[in-house]
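Fold and contact review
Chain by chain, the residues run as shown.
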Amino acid sequence: QVQLVESGGGLVQAGGSLRLSCAASGVTFGSLTMGWFRQAPGKERELVAGISWSGSSTAYADSVQGRVTICRGTAEKTVYLQMNSLKLQDAAVYYCTGDRALEATTLKARYWGQGTQIPVST
């Protein structure tokens, strides 16, 4: 019943920008803290960014600080991840997450999207 679906993935050049979307259904969008994780081949899944249910609080991994922005619109039931100045090391499968409070920013988050692949070319 509860689903998170990512979209907007695709090939992007290093130095370019991309905007990912995560649509939530089956739950009240504004009641969930949301996050974005990513996993590159051979590497552990890691947190990219998180945002509170109200959208007033955000957190970012050091590796993307200043290059990534997470935001949400409750009425649209969508969370966005704006990525700028992309690097080759940003290439990964990106996952949207949802849960109560900070649980959404851990690997034990209750809800996960299917993932969207972001290749980064030279």
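What comes next concerns the included structure. Keep in mind that what you see is a predicted model, and the values were worked out from it rather than measured. Numbering of residues starts from 1 in every chain and runs along the sequence as written. Where totals are concerned, whole chains, interfaces and linings use all residues; where local detail is concerned, this predicted model gives features only for residues with pLDDT of at least 70, and gives and counts side-chain atom pairs only at 80 or more. For side-chain calculations, the full set of non-hydrogen atoms in the structure is used, while hydrogens and water are omitted.

What follows concerns the sheet that holds strand S1 (residues 3-7). In this description, strands pair whenever DSSP reports at least two bridges between them. Numbered from the N terminus, helices here are DSSP runs of H or I no shorter than four residues, and strands are runs of E no shorter than two. The strand order S1-S3-S8-S7 describes an open sheet built from 4 strands, whose pairing is antiparallel. Since the sheet does not close on itself, it has two edges, and those belong to S1 and strand S7 (68-73), each with one partner. Here the strands of the sheet are splayed against their neighbours by 15° on average, with no regard to which way each runs. Pairing of strand S3 (residues 18-25) with strand S8 (residues 78-83), which is carried by 6 bridges, proceeds in the antiparallel orientation. Across the sheet, Cys 22 pairs through a bridge with Val 79, a residue of S8. Think of each axis as a best-fit line through the C-alpha atoms, taken over the contacting stretch in the case of a helix, with angles from 0 to 180 degrees between the N-to-C directions.

Side-chain rings of Phe, Tyr and Trp (the six-membered ring for Trp) are treated as a pair once their centres are within 6.5 Å; stacked means planes under 30 degrees apart, edge-to-face means over 60, and tilted covers the remaining angles. As enumerated under the stated definition, the model contains 2 aromatic pairs in all. Taking the centre distance of 5.1 Å and the plane angle of 50° together, the rings of Phe 37 and Trp 112 count as tilted. Remark: Trp 112 occurs in strand S10 (residues 111-112) and Phe 37 occurs in strand S4 (residues 33-39); sequence separation between them is 75 residues. For the ring pair Tyr 95 and Trp 112, a centre distance of 6.3 Å and an interplane angle of 75° mean the geometry is edge-to-face. Of the two residues, Tyr 95 is situated in strand S9 (residues 92-99) and Trp 112 in strand S10; the sequence distance between them amounts to 17 residues. Residue exposure (1.4 Å probe, protein chains only): buried if accessible area is under 20% of the type maximum, exposed if over 50%, otherwise partly exposed. Looking at Trp 112, the relative accessible area reads 25%, which means it is partly exposed. Through pairs of rings, three or more aromatic residues link up here, namely Phe 37, Tyr 95 and Trp 112. Over the aromatic face of Tyr 80 sits the side chain of Arg 19, whose NZ or CZ is 3.9 Å from the ring centroid. Put simply, a charge is over a ring when the Lys NZ or the Arg CZ is close to the ring centre, within 6 Å, and near the line of the ring normal, within 35 degrees.

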